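One-letter residues, chain by chain:
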Amino acid sequence: MSKGIWIFVEQAAGKIRKISFELLSQGRKIADQKGEPLVAVIVGENIANLTKEVAEYGADQVYLLDSPQLAQYTTGAYTSALTKLLRKEEPKAFLLGHTALAKDLAPRLAQRLGVGLASDIVDIEQDQDKFLLFKRPVYTGSAFSLVEIESTPLLATVRAKSFVASEPDSSRQAEVIEATVDIDPADLKVILKDVALIITSRPALTEADIVISGGRGMKAKENFTILEALADVVGAAVGASRAAVDSGWIDNQFQVGQTGSIVAPTLYIACGISGAIQHIAGMGASKVIIAINKDPDAPIFNVADYGIVGDLFEVVPLLTEEFKKLVN
Ligand code: FAD
């Protein structure tokens with residue numbers, strides 16, 4: 001009999017990603033309603049110190065897949081180790097954040113386990129027959145579909161900020177289980193030699209409360225410094241449209257949209273971005289949207305809560321100066 005709502009707790013360099021806390025918090029609610037245990041899985045090397053935090057967010061049990069072979073993410077090693085654990089323990093559901101890592105990992109797990117996958121879901125509905133149903137946006141967010149999965153575990157990747165992380169409860173404890181790490185040598189097709197990290201004091205794009213993005217209207221790579229100056233005053237992440245990325249002005253990890261990251265910050269400021277449907281698909285769920293564009297007919301104003309018709313090279317530095325006064 002399969003059991004438990006399982007959550008993949010994603011960590012990098014020993015730091016748990018925000019999405020995992022959102023999933024644990026929502027998973028706790030589902031587990032309580034269904035009368036199931038909430039089980040977390042942490043994968044990596046020397047990760048035992050993360051169990052306390054995971055317990056505080058509601059996990060009853062924490063499985064550790066701890067091995068030097070799992071120190072850095074590689075598709076083969078993670079797929080091999082997790083498939084074996086999931087086959088053995090047979091959870092009812094296994095939820096992952098819809099992150100770059102899980103976009104790679106989840107389809108492989110689905111294929112190995114021979115189960116369906118609901119990807120990029122934004123809500124979970126409880127169901128008598130199917131246990132859980134998954135809501136996901138389709139047609140670049142113009143409609144939603146409700147996905148039923150026939151097989152178990154019910155496998156889904158969940159979009160960041162779809163659920164709210166609860167306050168951690170320091171009195172909570174979890175049973176810690178050190179799982180046997182069993183990786184097929186045949187799965188180690190890629191050996192990771194080195195990792196180049198971009199060190200930034202800014203928050204990660206998908207986790208930031210404020211995102212400031214620039215588009216083709218930025219006109220040149222060096223002009224992104226005016227967005228960075230504003231971002232550093234308000235503690236924001238910097239994003240971009242695909243046009244800015246394709247122009248080589250900013251790395252593609254900062255692209256927001258259908259083929260980039262999906263963000264849902266409290267505040268999104270779009271600078272020199274026209275508002276193509278593929279861009280809106282990545283930021284339309286932001287709570288408050290401010291658009292700065294010199295064209296009063298730009299479609300971005302249709303989704304903006306506040307629109308500033310003007311030259312971003314005048315408006316952005318003015319905003320920076322005003323925000324400086326507020327935060328000082
Ligand atoms: P433009 O559409 O050229 O708009 C630039 C804007 O800047 C204009 O509105 C202009 O009025 C304004 N402007 C110019 N100068 C100034 C100034 N000085 N001050 C103020 N405003 C100024 N796009 C994405 O962003 N993300 C995606 O993930 C994505 N995925 C795609 C996937 C597919 C399959 C396809 C076909 C396209 C995708 N696109 C994506 C591209 C998308 O269709 C648009 O081409 C792109 O979003 C346009 O970027 P932009 O708004 O920066 O540029």
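Residues numbered from 1 in each chain as written. Predicted model: local features only at pLDDT ≥ 70, side-chain atom pairs only at ≥ 80, totals over all residues. Heavy atoms only, no water.

Under an unreviewed UniProt entry, the name given to the chain is Electron transfer flavoprotein, alpha subunit, and the source organism is Desulfitobacterium dichloroeliminans. Taken directly from UniProt, the Sequence similarities (unreviewed entry) text for the chain runs: "Belongs to the ETF alpha-subunit/FixB family." (UniProt positions renumbered as here; feature names shortened; annotations may be inferred.)

In this section: the side chain of T83. Within the secondary structure, T83 is located in helix α3 (residues 75–89). Using a relative accessible area of 2% as the deciding quantity, one classes T83 as buried. Once you skip the residues sitting within four places of it in the chain, T83 turns out to touch L109, R112 and L113. (Helix = DSSP H or I, 4+ residues; strand = E, 2+ residues; numbered from the N terminus. Buried < 20%, exposed > 50% of the residue type's maximum accessible area, 1.4 Å probe, protein only. Contact = heavy atoms within 4.5 Å.)

Moving on: the UniProt feature "domain: Electron transfer flavoprotein alpha/beta-subunit N-terminal" (unreviewed entry) in the chain. In this numbering, the UniProt entry assigns the feature "domain: Electron transfer flavoprotein alpha/beta-subunit N-terminal" (unreviewed entry) to residues 5–195. Taken as a whole, residues 5–195 contains 27% helix and 31% strand, while its terminal C-alpha atoms sit 32 Å from one another.

Turning our eyes to something else, we now look at the site of the ligand. Taken together, the neighbourhood of the ligand is formed by 26 residues, with R216, S241, T259, S274 and N293 sitting nearest. Between S274 and the ligand, the recorded distance is 2.6 Å, taken from a side-chain N or O atom to an oxygen atom. Alone, the ligand offers 990 Å² of accessible surface; in the complex the protein occludes 76% of this. (Near = heavy atom within 4 Å. Polar contact = N/O pair within 3.5 Å; in protein donor to acceptor, adjacent residues only side chain to side chain. Areas by Shrake-Rupley, 256 points an atom, 1.4 Å probe, with all protein chains shown as cover.)

We now examine the pattern of salt bridges. Enumeration according to the criterion identifies 20 salt bridges in this entry. A salt bridge links D60 to R28; the nearest nitrogen and oxygen atoms lie 3.0 Å apart. On the criterion of sequence distance, the pair formed by D60 in the loop between α2 (51–56) and β5 (61–66) and R28 in helix α1 (residues 18–34) is long-range, its members being 32 residues apart. Residue E56 is joined to K52 by a salt bridge in which the shortest nitrogen-to-oxygen separation is 2.4 Å. Here E56 pairs with K52, and both are found in helix α2, just four residues apart, close to one helical turn. Its relative accessible area of 13% is what places E56 among the buried residues. (Salt bridge = Lys/Arg side-chain N within 4 Å of Asp/Glu carboxyl O.)

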